[in-house]
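Survey of secondary and tertiary structure
Here is how the chains run, residue by residue.
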Amino acid sequence: MFSAVAAYMLLPLVLVGRGMSRPETGYLLAIYAAAGALTQMGIGRLSDRLGLRRPLVIAAALVLAACFAVFLKMDGFGQYAALYFFGGAAFHTAGTALAAAIADWSSEGHRTATAFARARLWGSAGYVVALIALTRWVKSDSVIVAWAAGSYLLTALAMIPARESARHTRAALKLQSRASELVRDRNLAVFLVCFLLFKIAESASNAFVALRLDQLGGSRALIAWALAINAIAEIPLLGLAGPLSERIGRRPVLLVALLVLPLRMAAYASIPTAAWVFPVQLFHGLTFGFMSVASVAYVADRAPDDLRATAQGLLRMAMAAGMCIGPLAGGMVLAATNSMPALFWVLGGVVALGAAVFALFVAESLPGASVKSGGIFGRIAAHPISRMKQ
């Protein structure tokens, strides 16, 4: 699945090469994400009621394969907008169902973080292999979209022998509509707001970093390698994030991600040439890697067993909303300022706000987390500032 995501990251270059403006590429990414934001709460509840994850993943992967199969036959913004809407709904459906399946299989012993990290490591490996392979054909639009279509088709085939969690299937028979319990959890609600701000900045960055490097004179091959370095850098930290969050808690791991991302945005704004992006990409594991693992685990910790996919649907909905708002707002900022550096400075400010809110108000979710509280950072990592004793 993440082999296909590698090709997806190159699509803005394909679209610009086919005559689409840079702001329009941002709008398409916003549509892709908006489809997820509109559908994932319902998808999560449906998955919980049926007690099924596998059919949703298979169906979503087949829809995505079909979207990429016809990608180069589309003509004009309207047709691409429709394609991005269906593709976005399918992509986020697959993500919701996969995250819920992992939580089902690993719920005992609060091992969700480690299980998700292990699964995500395979995704990073596929992403790296795809980008390295695509560097040879990075100038061929047809190869890029064919790679994505084939990868999603293989995803559907790979899910056929997967088994559902019998424990969750039995629980689904007794499920009542109690999704409101989740949003009444103040810590979960505030965390989702912080996660949304993180995803707004991260998604806008993903949408425009290739164009930023193009502006600085970077070739398509350099851009592909920069994206590959992202995934290579995240692999060891994905492996660390799961056990670390189970030992010291979810909150410190999430806080690191929220604090490092503004620094990455500042670096993107300040680099003088495209080649300087490579050291910046090394921090991807501390931002995307730490957030990806610890956010799924945090939500799983706070959700009742019979609302696990609903909770993951909420997380995916916040993710999709951020992925919608980020490119759209980024395109607006870029249109208003005509300045790539200004865009990345604004994105850094957005996620810095999320870090401040998180540090002030969001409590730990893992029972028995053993983070040390020595020093000011240790105290902040262990407890919300608003609850710390003076």
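Not measured: the values here are computed from a predicted model. (Residues numbered from 1 in each chain as written. Predicted model: local features only at pLDDT ≥ 70, side-chain atom pairs only at ≥ 80, totals over all residues. Heavy atoms only, no water.)

Tracing the sequence through the fold places A318 in helix α15 (residues 308–337). Of the residues examined, A318 reaches a relative accessible area of 10% and is grouped as buried. Separated by 124 residues in the primary sequence, A318 and C194 place their C-alpha atoms 9.6 Å from one another. What A318 contacts, discounting residues up to four positions off in sequence, is L192, F195 and L196. (Helix = DSSP H or I, 4+ residues; strand = E, 2+ residues; numbered from the N terminus. Buried < 20%, exposed > 50% of the residue type's maximum accessible area, 1.4 Å probe, protein only. Contact = heavy atoms within 4.5 Å.)

For the rest of this paragraph, the subject is helix α10 (residues 186–215). End to end, α10 covers 43 Å across 30 residues, agreeing with the expected 44 Å (1.5 Å per residue, within 8%). Remark: the principal bend of α10, roughly 40°, maps to F208. Burial analysis of α10 places 23 of its 30 residues in the buried class, which makes it a mostly covered element. (Expected span 1.5 Å × (residues − 1). Bend = angle between axes of the 7 residues up to and from the residue.)

Here the focus is a nonpolar patch on the surface. A surface patch of nonpolar side chains, about 470 Å² in accessible area, is lined by L62, L153, L154, L157 and I160. When residues in the nonpolar patch are grouped by element, the largest group, three residues, is from helix α7 (residues 141–159). If you trace the backbone, L157 turns up in helix α7. (Patch = residues over 30% accessible without salt bridge, like charges linked within 9 Å, V, L, I, M, F, W, Y side chains within 5 Å. Areas by Shrake-Rupley, 256 points an atom, 1.4 Å probe, with all protein chains shown as cover. Salt bridge = Lys/Arg side-chain N within 4 Å of Asp/Glu carboxyl O.)

For the structure on display, the rule yields five cavities of 30 Å³ or more. In this structure, the largest cavity spans a volume of roughly 80 Å³. The wall of the largest cavity is formed by Y8, L11, Y32, L64, C67, F68, F71, L83, Y84 and G87. Elements supplying a minimum of two residues to the lining of the largest cavity: α4 (54–69) and α5 (77–106). When the residues that make up the lining of the largest cavity are grouped by side-chain class, the tally is nine nonpolar, one polar and no charged. (1 Å grid on protein atoms, 1.4 Å probe; cavity = no way out; pocket = protein on both sides within 12 Å on 5 of 7 lines; lining within 4 Å. Points joined across faces, edges and corners; volume = space filled by probe spheres on them. Nonpolar A, V, L, I, M, F, W, Y, C, P; charged D, E, K, R; others polar.)

Below, the discussion takes up the packing of aromatic side chains. Geometry of an aromatic ring pair is reported as the spacing of the ring centres plus the angle between the planes. Under the defined criterion, the tally for this structure stands at 11 aromatic pairs. Grouping aromatic residues by their ring pairs yields a cluster made of Y32, F68, F71, Y80, Y84, F91 and Y152. (Phe/Tyr/Trp six-rings, centres within 6.5 Å; stacked < 30°, edge-to-face > 60°.)

The subject of this paragraph is the nonpolar core. Ranked by size, the top nonpolar core spans 106 residues in total, and within it L11, F71, Y84, F191 and F344 carry the most contacts. Ranked by residues supplied to this core, first place goes to α10 with 15 residues. With residues near it in sequence (within four places) discarded, F344 still touches S205, F208, V209, R212, M265, Y268 and A269. (Core = buried A, V, L, I, M, F, W, Y, C linked by side-chain atoms within 4.5 Å.)

Let's shift gears to the packing of α10 against helix α14 (residues 284–302). Each pair of packed helices gets described by two things: the angle between the helix axes and the distance between those axes. Direction vectors running N to C along α10 and α14 enclose 155°, while the axes themselves pass 12 Å from each other. Comparing their axes, α14 and α10 come out roughly antiparallel. The hand of the α10/α14 crossing is left-handed. In this structure, α10 uses N187, L188, F191, F195, F198, K199 and E202 to contact α14, whose residues at the interface are T287, F288, M291, S295, Y298, V299 and R302. Here the contact of α10 with α14 is built from residues that sort into eight nonpolar, three polar and three charged. (Axes fitted to C-alpha atoms, helices over the stretch in contact; angles between N-to-C directions. Parallel < 35°, antiparallel > 145°, perpendicular 65-115°, else oblique. Left-handed = near helix turned anticlockwise from the far one by under 90°.)

Within the chain, N338 stands out as a residue other than glycine whose phi angle is a positive 55°. Its place among the elements puts N338 in the loop between α15 and α16 (340–361). Using a relative accessible area of 71% as the deciding quantity, one classes N338 as exposed.

This part covers the packing of α10 against helix α12 (residues 250–270). At a minimum axis separation of 11 Å, α10 and α12 run at an interaxial angle of 30°. Overall, the two elements α10 and α12 adopt an arrangement that is roughly parallel. Once α10 is placed against α12, the crossing between them reads as left-handed. Contact residues: α10 offers F191, C194, F198, A201, E202, S205, V209 and R212, while α12 offers L254, A257, L258, L261, M265, Y268, A269 and S270.

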